Amino acid sequence: MTGSGNATWMTTKNRCAIITGASSGMGAATARALSAAGFELMLGARRQDRINKLASELNARAHVLDVTRPESIESFVAACPQTIDVLVNNAGVAIGLDAVEVSRDEDWRQMWETNVLGVVRLTRTLLPTLRRSSDPRLIVIGSTSSVETYKGGAGYTSTKHALRAVVRTLRLELLGEPIRVTEISPGAAETEFSIRRFSGDRERARAVYEGMRPLTGDDVAECVVFAATRPKHVNIDEIVVRPLDQASASDVYRDS
Ligand SMILES: NC(=O)c1ccc[n+]([C@@H]2O[C@H](COP(=O)([O-])OP(=O)(O)OC[C@H]3O[C@@H](n4cnc5c(N)ncnc54)[C@H](OP(=O)(O)O)[C@@H]3O)[C@@H](O)[C@H]2O)c1
């Protein structure tokens, strides 16, 4: 986005954004939206076929990335441009909807490794690269689950609570530097999120959104573009975006 008549609006010309989890949902939508806004892109996710396809559509770069594996992060970062302006930490996962009493360590571990440690690792590794930018921005896709809980959701909601603490700590630690830190907290969005949460059970995933109108990846992508294109002195701390039909994690209006 360029701001005509306002010198403080940033120009996206030659600015580069990295997006994790760009193979589906909000990440893929964000890639399209940032590309349309003029950003050059570096895409990461585990499903290489998907990110390669999107990269060729958007004239972008792509490299396989598993944020739970330090060696994958290393090889991803080695393939990144020397300077990046925007890092969008979007990759994330929810697994199952088990009560704490019957939940499995391996599910918790995968969610924490992806949603918390993955963001910490990649951010830590890319901060020096971000610092080379004249206008660096760090954007994290959190969730309304960063402040809410629901039955069966402890494994996932605890990761987003923790991520919120990481984001807020980073804002303190980076004070005095030009790196802006934004948390985007969506409510229910229909992506591949629920399909994955329920191990490919599409019927169960569809039921999550039944009778209500969820967000789309595009709705969240617009928030990312907004946060990424503010003037240099403006930090968007957080954007909370929910479907109109959702007042809280468990209060959802359904017309059927
Ligand atoms: N959908 C919702 O209702 C909702 C609400 C609030 C927040 N969120 C958050 O929004 C973000 C995007 O989710 P989404 O809704 O777009 O779901 P999605 O369609 O399932 O996308 C998740 C993305 O994360 C990537 N990913 C998962 N594990 C990864 C790993 N270990 N390394 C690298 N990439 C990994 C996936 O790619 P690969 O499988 O190819 O690696 C995929 O591209 C997540 O952080 C999620 O927690 C979602």
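Structure: see above.
The structure reproduced in this document is the subject of the present report. (Residues numbered from 1 in each chain as written. Predicted model: local features only at pLDDT ≥ 70, side-chain atom pairs only at ≥ 80, totals over all residues. Heavy atoms only, no water.)

### Some points on the packing of helix H1 (residues 25–36) against helix H2 (residues 48–58)
Piece 1. In the contact formed by H1 and H2, the axes pass within 11 Å of each other and the chain directions differ by 15 degrees. Classified by the angle between their axes, H1 and H2 sit roughly parallel to one another. When the axes of H1 and H2 are compared, the crossing they make is right-handed. Judged by residue contacts, Ala 28, Ala 31, Arg 32 and Ser 35 of H1 engage Leu 54, Glu 57 and Leu 58 from H2.
Piece 2. Looking at the contact of H1 with H2 residue by residue, the class counts come to 4 nonpolar, 1 polar and 2 charged. (Axes fitted to C-alpha atoms, helices over the stretch in contact; angles between N-to-C directions. Helix = DSSP H or I, 4+ residues; strand = E, 2+ residues; numbered from the N terminus. Parallel < 35°, antiparallel > 145°, perpendicular 65-115°, else oblique. Left-handed = near helix turned anticlockwise from the far one by under 90°. Contact = heavy atoms within 4.5 Å. Nonpolar A, V, L, I, M, F, W, Y, C, P; charged D, E, K, R; others polar.)

### Things to note about helix H3 (residues 70–79)
Piece 1. By the burial criterion, the buried members of H3 are Ser 72, Ile 73, Phe 76 and Val 77. Along the long axis of H3, the arc covered by the buried residues comes to 130 degrees, so they all point the same way. Structural note: H3 exposes Glu 74 and Ala 78 on the side pointing more than 90 degrees away from its buried face.
Piece 2. In this structure, the buried side of H3 is in contact with strand S1 (16–20), strand S2 (40–45), strand S3 (61–64) and helix H4 (105–130). (Buried < 20%, exposed > 50% of the residue type's maximum accessible area, 1.4 Å probe, protein only. Arc of directions from axis to C-beta.)

### A closer look at the state of the cysteines
Piece 1. Within this structure, the stated rule accounts for 0 disulfides.
Piece 2. The thiol sulfur of Cys 16 is not disulfide-bonded, and the nearest other cysteine sulfur, from Cys 80, lies at 7.5 Å. (Disulfide = S-S within 2.5 Å.)

### Structural notes on the pairing of strand S5 (residues 137–141)
Piece 1. S5 sits mainly inside the fold: 5 of its 5 residues count as buried.
Piece 2. Taking every second residue as pointing to the same face, both faces of S5 are buried, with Arg 137, Ile 139 and Ile 141 on one and Leu 138 and Val 140 on the other.
Piece 3. Inspection of the sheet shows strand S4 (residues 86–89) paired to S5 by 4 bridges, in the parallel sense. By the bridge assignment for S5, Leu 87 is matched with Leu 138.
Piece 4. Remark: the S4/H4/S5 crossover connection has right-handed handedness.
Piece 5. Sheet topology places S5 next to strand S6 (residues 180–186); 5 bridges connect them, and they run parallel. Directly across from Arg 137, in S6, lies its bridge partner Arg 180.
Piece 6. A crossover connection joins S5 to the parallel S6 through helix H5 (residues 154–173); in handedness this β-α-β unit is right-handed. (Pairing = 2+ DSSP bridges. Right-handed = clockwise from strand over helix to strand, strands pointing away.)

Fair warning: the whole summary comes from geometry, so function is off the table for now.
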